[in-house]
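Summary of the model geometry
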Amino acid sequence: MSVEKFVGTPKKATTHTNQSEDLIFEKSSPGKKAYRLAELDVPAVDAASLLGESARKDLGVMPELSEIEIIRHFTRLSTWNYAIDLGMYPLGSCTMKYNPRVNEAVARLEGIAEAHPYQPESLSQGCLGIMKTLSDALIEITGMDTITLQPAAGAHGEFTGILLIRAYHESKGNPRKKVLIPDSAHGTNPATAAVCGYEVANLKSNAQGMVDLAELEKMVDEDTAALMLTNPSTIGVFESDIKKIADILHAKGALLYMDGANMNALVGKTRPGDFGVDVMHLNLHKTFSTPHGGGGPGSGPVACKKILEPFLPTPVLVTKADGMLGLEYNRPQSVGRVRMFYGNFGMFVRALAYILANGPDGLRQTTEDAVLNANYIRAKLDGTFELPYKTATLHEVVFSDRIQAKNGVKTGDMGKRLIDYGFHAYTVSFPMIVAGAMMIEPTESESREELDLLIDALKQIAREAEENPELVQTAPHSTRIQRLDETTAARKPILRWKAPVAATPLAVDTAAKEW
Amino acid sequence: MRYLPKSPVDREEMLAEIGVTSIDDLFSTIPAEFQLKRDLAIPRQHGESEILDRFREFADNNAVGYSSFLGAGVYRHYRPVIIDSLVQRGEFLTSYTPYQPEISQGTLQAMFEFQTMICELTGMEIANASMYDGSTGAAEAIMMAVRVTGRDGAVIARTVHPEYREVIATYAQHQEIPTTEVGYTENGRVDLAALDATVTKDTACVLIQSPNFFGTIEDVAAIAEIAHAKGALLIVSIAEAVSLGIVRPPAEADIVSLEAQSYGVAVGYGGPYCGVIACKEKFLRQMPGRLIGETKDKDGKRGFVLTLSTREQHIRREKATSNICTNQALVALMTTIFLTVYGKQGMKELAEQNLAKAAYLKGVLSAAAGAKVLFDGAPRFHELVLQLPKTAEETNTALLQHKIIGGLPLAKWYPELGPNASLWCATELTTRKQMDAVATALADKKA
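Residue numbers run consecutively from 1 along every chain, following the written order of its sequence. Chain A is the first chain written and ligand 1 is the first ligand written, with later ones labelled in order. In view of the model being predicted, local features appear only for residues whose pLDDT reaches at least 70, and side-chain atom pairs are presented and counted only at 80 or more, with totals across whole chains, interfaces and linings using the full set of residues. Remark: hydrogens and water are excluded; side-chain values derive from all non-hydrogen atoms of the structure.

Things to note about the overall build of chain A
When you go through chain A residue by residue, the secondary structure sums to 15 helices and 12 strands. Projected onto its principal axes, the C-alpha coordinates of chain A cover approximately 80 × 70 × 50 Å. Working definition: with a 1.4 Å probe on protein chains only, accessible area under 20% of the residue-type maximum means buried, over 50% means exposed, and in between means partly exposed. Counting across all 515 residues of chain A, residues that qualify as buried make up 63%. Restricting the contact set of chain A to residue pairs at least 6 apart, pairs at least 24 apart contribute 71%. Of the accessible surface of chain A, which amounts to about 18300 Å², a share of 51% is contributed by carbon and sulfur atoms. The averaged location of the 63 negative side-chain charges in chain A is 2 Å from the averaged location of its 54 positive side-chain charges. To qualify as a helix, a DSSP run of H or I must reach at least 4 residues; to qualify as a strand, a run of E must reach at least 2; elements of each kind are numbered from the N terminus. Contact definition: two residues touch when any of their heavy atoms are within 4.5 Å. For every accessible area listed, the method is Shrake-Rupley and the probe measures 1.4 Å; residues are considered covered only by the protein chains on display. Positive charges come from Lys and Arg alone, negative charges from Asp and Glu alone, with His and the N- and C-terminal ends not counted. Just so you know, the charge point we use is NZ for Lys, CZ for Arg, CG for Asp and CD for Glu.

Structural data, given as structure tokens:
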């Protein structure tokens, strides 16, 4: 019987998405190569004699493979990822929008990709021009007076912004002691305040999930450096009392920091600089379409009012008397550098390409579509899931699992089940002011058809939670791997591959090993 | 707008489903006085071909057609074509942080491979899944050492990249970490006697860079001995990661902070690059940033997850080991592919070519009239400090006439070396022809 030939695990898998792909080290064989260096056009040197005791003798488990094997390895791995290019990523506060490909093309133009950060300013006018054009656009979009592009990501922007605030207060004679942070805030906010040497004072939200003005008034005093506020908040609500919030702070000499994570709800419709914000960061990898790339790189420019300008990180981009662009280092009141060179420049290129592709009309339409999409989902799913805050929302909507939790089905379970329907999960259990939060941000990049598919999937999951809770609790069922044992991963961490014991000598003291 | 997948009818029908008459109704929570009633004053909408033209124009306003001898923490190495072929796959490019491991195994496994390679290259036991860059990584490493030791002082070598030291100063001031600088001797290495005198029982860590900013390879073992004798940790920062193909890894260090830009990442006017922290396993709980760990699913199938996140800001908030969230994942993937392409043999050969090119460059430069190569008493990788008869600025201005970007003037950061000192670099991409052209240009009277 010919069927017998196929009994057992086939050596060669037939479907890539389900096949096992070993670690690159397990696929390696001595002597294989994927490189060929250019012919050496200068005399070779004897490394051992040049370097003496500093010479390395071995590169351990570093792999050896051919080019086709490398292409296949990483291509196969890629097929195990979900991605915006495959479908909707309804992660709240993450703004997973389309990443335009022209951005990638322009970032790779030789004159841009090969520019050295220390090449003379006269030979860097193109790069500086990109920074200037982007800076001007971001200043206009935020309604602020000035900007630094140096911070490498959102949290790094927060760090920079709070340093500006600290330097401002110090210039007035007292850095002050605490930063107020609403309980609905992202975890980076309190972590940032701590890194900047501030105490964190938690500000409780009111019954609508917004800033409680009375509470704020009580808490703001002469020791308050700033309030770090996300607007719209993490439940998607615009703080309608924003001007009063700013006034309460300013009356006591404190400043208003805005976390710009949710700026996709505001671009072209309102400007933080107009409603009282003193300093804010932007996430180019959220609002301005630079790719998330599996976790980074990001870019977190910080825009601020004139009062904070003297403290900006060095160098500062300036237009010189002769019209040339330059970098100014002599800034005695500066907080110093927060990163080497000028920031994640490659992200500036992409963000500017996105702004050019949109123009003012495109950016406004983008914001309107993002808000339209979120409200469409809200209207369609209100009732299927509990909506803990009824206040009108902008770009995202936060439901809770209260109805489904009665059957033992939690937000995390439904998020996992959504994977079986071909979506990424929404943001699970955040913000923390909502028990069992299900935070959904569709962005503008989703068509009505894709939104309807998500809505149908979530309604179906709600039905499953009633009729067959276990199906949801044990999801996902259609993925290459099941839920992973995260407890053991944390308890007995395996953070690198090691060659099987038989193939290597007994464990050696690392310090004594011959390299 | 071509990125928006909606027809006018879609929009109308959706508004009706929501139960509002106009889109502005959805923005009514924004007080009227703050609603923007005009167009943003930004460039008009561009067609794709116009965007390309605009950026080509920017690109042409940079240093096109010049040969460059700049290094100083950013190195131009060959980038194998398959790096961009692979990282531009949408599944890598457009995926989010792998919080849902069932549909993120591609990124997770690749990052586990990254962590493994970084451990192997640096001689450390564990590595994280990346930091923003080498400068912030070094600052985070110092903060980590302060937490580990319960001490608060940092001793920093003057031969660490000046911009790294500036970033460290920014971070350290509000952590109340006093920093002290230790100088170098005439061979360009850390002054061991001064170091020994500076490290005290209150010192949390010693930070050095190797190869250091002058290109000189430090005596890591001797420095480790001095630090450890007083109970301080040794942090080694590595700005030129390609050196690890031929230079012995700093295995005596407690923490290594690596800038992996050299592994296939474009110089790109300063970023994005790829920092990473590696260390001894016993410091695991104080490590900042994301970590990928191996585990199994319920069928016993191997898989990878983000792990030990109780160190991180989204769980621990103000008590976290760092405020870092977004890292440099896609750039870390670039470096992983680069390291796989060169692998065990290629990393060595590549590093040897860099050594050979630098040796040739040294020969060419030291032959110029009145030239002196500094710090000749210790081994170096592919950079060298050169003193010429004229100021570095004057020399470079003259070289620009020959379409050559000379070494980086050092007076701004190292006034003690005088106005004529500059830092030169050759990599495997620097050709003999380019180096010979420097010799010719320097012989030219104007230089």
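Quick look at the overall build of chain B
Along its length, chain B carries 13 helices and 15 strands. When its C-alpha atoms are laid out on the principal axes, chain B stretches across 80 × 55 × 50 Å. Looking at the 447 residues of chain B, the share that counts as buried comes to 66%. Once local pairs closer than 6 in sequence are excluded, the contacts in chain B between residues at least 24 apart make up 71%.

A closer look at the pairing of strand S4 (residues 179-182) of chain B
Residue and element names in this part refer to chain B. Summarising the sheet, strand S3 (residues 153-157) and S4 pair through 4 bridges and their orientation is parallel. Bridge assignment links Ile 156 to a residue of S4, and that residue is Glu 181. By definition, the crossover connecting two strands over a helix is right-handed if that path, from the first strand to the second, turns clockwise as seen with the strands pointing away from the viewer. Between S3 and its parallel partner S4, the chain crosses via helix H7 (residues 162-175), and the hand of that crossover is right-handed. Think of it this way: DSSP has to see at least two bridges between two strands before they count as a pair.

With respect to the nonpolar core
Buried together is how nonpolar side chains tend to be arranged in soluble globular proteins. By convention a nonpolar core is built from buried Ala, Val, Leu, Ile, Met, Phe, Trp, Tyr and Cys residues, the set being connected through side-chain atoms within 4.5 Å. Grouped together as the largest cluster of nonpolar side chains are 292 residues, with contacts concentrated most on Phe55(B) and Tyr263(B). The biggest single contributor to this core is helix H10 (residues 345-381) of chain A, with 16 residues. Val42(A), Leu361(B), Ala368(B) and Ala371(B) belong to the second-largest nonpolar core, a separate cluster that totals 21 residues.

Quick notes on the sheet that holds strand S7 (residues 302-304) of chain A
Residues and elements named next belong to chain A. Judged by pairing direction, the sheet is mixed, and its 7 strands sit side by side in the order S1-S7-S6-S5-S4-S2-S3 without closing on themselves. Taken across any chain shown, the strands that pair with only one partner, and hence form the sheet edges, are strand S1 (146-148) and strand S3 (199-203). Strand-to-strand twist of the sheet, defined as the mean angle between neighbouring strand axes without regard to direction, takes the value 25°. The sheet contacts of helix H5 (residues 125-142) involve S1, strand S6 (279-281) and S7, and relative to S1 the element is tilted by about 125°. Those strands touched by helix H6 (residues 154-171) are S1, strand S4 (224-230), strand S5 (255-259), S6 and S7, and its axis lies near 175° from that of S5. Here the axes come from fitting lines to C-alpha atoms, over the contacting stretch only for helices, and the angles between their N-to-C directions go from 0 to 180 degrees.

Observations concerning unusual backbone geometry
At the junction of Gly296(A) and Pro297(A), the peptide bond is cis and its omega measures out at 0° in the coordinates. Here Pro297(A) shows up in the loop between S6 and S7. Going from Gly271(B) to Pro272(B), the amide bond is cis rather than trans, its omega being 5°. Mapped onto the secondary structure, Pro272(B) falls in the loop between strand S7 (255-259) and strand S8 (275-279). Positive phi values are uncommon outside glycine, yet Ser130(B) reaches one of about 120°. Mapped onto the elements, Ser130(B) comes out in the loop between strand S2 (126-127) and helix H6 (134-149). The class for Ser130(B) is buried, based on a relative accessible area of 0%. You will see that Arg317(B), though not glycine, has its phi angle at about 50°, which is positive. Of note, Arg317(B) is situated in the loop between helix H10 (313-316) and helix H11 (329-366).

Thoughts on the pattern of salt bridges
Residue and element names in this part refer to chain B. For this analysis, a salt bridge means a side-chain nitrogen from Lys or Arg found within 4 Å of a carboxyl oxygen belonging to Asp or Glu. If you walk through the whole model with that rule in mind, you get 56 salt bridges over all chains. When the shortest N-O distance is used, the salt bridge between Glu 91 and Arg 89 registers 2.9 Å. Judged by its relative accessible area of 16%, Glu 91 falls in the buried class. Glu 312 serves as the salt-bridge partner of Arg 311, at 3.5 Å between the closest nitrogen and oxygen. The burial state of Arg 311 is the same as that of Glu 312; both residues are buried.

Considerations on the domain arrangement of chain B
All names here are of chain B. Boundaries between domains were set according to an automatic or database domain assignment. Taken domain by domain, chain B consists of domain 1 (67-78 + 344-443) and domain 2 (81-338). Here the C-alpha centre of domain 2 lies 27 Å away from the C-alpha centre of domain 1. Counting from both sides, the interface comprises 32 residues of domain 1 and, opposite them, 34 residues of domain 2. Interface of domain 1 and domain 2: buried area, both sides summed, is about 2700 Å²; carbon and sulfur atoms make up 66% of it. The three residues of domain 1 that bury the most area against domain 2 are Phe 375, Trp 413 and Tyr 414, which together make up 25% of that side's buried surface. By buried area we mean the combined loss of accessible area, with a 1.4 Å probe, across both parts when two parts are placed together.

A look at the packing of aromatic side chains
To pair, rings of Phe, Tyr and Trp, with the six-membered ring standing in for Trp, must have centres within 6.5 Å; the planes then decide the type, stacked if under 30 degrees apart, edge-to-face if over 60, and tilted in the middle. Applying the stated criterion across every chain yields a total of 29 aromatic pairs over all chains. Taking the centre distance of 6.2 Å and the plane angle of 85° together, the rings of Phe288(A) and Tyr354(A) count as edge-to-face. Note that Phe288(A) is positioned in the loop between S6 and S7 and Tyr354(A) in helix H10, a separation of 66 residues in sequence. An identical accessibility class is assigned to Phe288(A) and Tyr354(A); each is buried. Over the ring of Phe27(B) we find Lys269(A), and its NZ or CZ is 4.6 Å from the ring centre. Note on geometry: a ring has a charge over it if NZ (lysine) or CZ (arginine) is within 6 Å of the ring centre and within 35 degrees of the ring normal.

Section: the confidence of the model for chain A
Caution is warranted with low-pLDDT regions, since their predicted coordinates should not be read in detail. A residue's pLDDT is simply how confident the predictor is in it, with values from 0 to 100. Mean pLDDT over chain A works out to 93, with 94% of the residues at or above the 70 mark. With pLDDT under 50 throughout, residues 505-512 of chain A is counted as low confidence; its partners more than four residues away or in other chains account for 6 contacts.

Quick look at the domain arrangement of chain A
Residue and element names in this part refer to chain A. With domains assigned, chain A is organised as domain 1 (2-78), domain 2 (102-355) and domain 3 (370-490). Here the C-alpha centre of domain 3 lies 31 Å away from the C-alpha centre of domain 2. Taken together, the contact pairs 22 residues of domain 2 with 16 residues of domain 3. Summed over both sides, the interface between domain 2 and domain 3 buries roughly 1400 Å², with carbon and sulfur atoms accounting for 64% of that surface.

With respect to the sheet that holds S2(B)
Within a sheet, adjacent strands bond to each other through the backbone by hydrogen bonds, running parallel or antiparallel. Residue and element names in this part refer to chain B. Pairing in this open sheet of 7 strands is mixed, and the strands run S2-S8-S7-S6-S5-S3-S4 from one edge to the other. The two strands at the open ends of the sheet, each matched to only one other strand, are S2 and S4. Each of S3, strand S5 (203-209), strand S6 (233-238), S7 and S8 is contacted by H6, which is oriented at about 170° to S7, the strand it contacts most. Here H7 sits on the sheet and contacts S3, S4, S5, S6 and S7; the angle it forms with S3, its principal contact strand, is near 170°.

Let's talk about the interface of chain A and chain B
Across the boundary between the two partners, chain A contributes 208 residues, which contact 188 residues of chain B. Across the chain A to chain B interface the summed buried area is about 17400 Å²; carbon plus sulfur atoms make up 64%. Interface area lost by chain A to chain B is led by Arg56(A), Tyr118(A) and Leu495(A), which between them contribute 5%. For Arg302(B), the salt bridge goes to Glu26(A), with nearest N and O atoms at 2.8 Å. Counted as a polar contact is a pair of N or O atoms within 3.5 Å, where, for protein atoms, one must be capable of donating a hydrogen and the other of accepting one, and residues adjacent in sequence contribute only when both atoms are in side chains. One can count 90 residue pairs in polar contact (both at pLDDT 80 or more) joining chain A with chain B. In the side of chain A that touches chain B, the residues fall into 115 nonpolar, 52 polar and 41 charged. Just so you know the grouping, Ala, Val, Leu, Ile, Met, Phe, Trp, Tyr, Cys and Pro go in nonpolar, Asp, Glu, Lys and Arg go in charged, and all remaining residues, Gly too, go in polar.

Overview of the pairing of strand S10 (residues 302-306) of chain B
Here is the key point about a regular strand: its side chains alternate between the two faces of the sheet. Residue and element names in this part refer to chain B. Burial analysis of S10 places 4 of its 5 residues in the buried class, which makes it a mostly covered element. As paired elements, strand S9 (residues 292-296) and S10 share 5 bridges and run antiparallel to each other. Within S10, the residue paired with Ile 292 across the bridge is Leu 306. Two successive antiparallel strands, S9 and S10, enclose a turn made up of 5 residues, where Gly 300 displays a positive phi of approximately 80°.

A few points about the packing of H10(A) against helix H13 (residues 448-467) of chain A
Residues and elements named next belong to chain A. At their nearest, the axes of H10 and H13 sit 10 Å apart, and the two run at 30° to each other. Comparing the axis directions of H10 and H13 gives the class roughly parallel. The hand of the H10/H13 crossing is right-handed. Counted together, Asn 373, Tyr 376, Ile 377, Lys 380 and Leu 381 of H10 and Arg 448, Leu 451, Asp 452, Leu 454, Ile 455, Leu 458 and Lys 459 of H13 form the full contact between these two elements. Residues of the contact of H10 with H13, tallied by class, amount to 7 nonpolar, 1 polar and 4 charged. Working rule for angles: under 35 degrees goes down as roughly parallel, over 145 as roughly antiparallel, 65 to 115 as roughly perpendicular, anything else as oblique. The hand of a helix crossing depends on one turn: near helix anticlockwise from the far one by less than a right angle means left-handed, and clockwise means right-handed.

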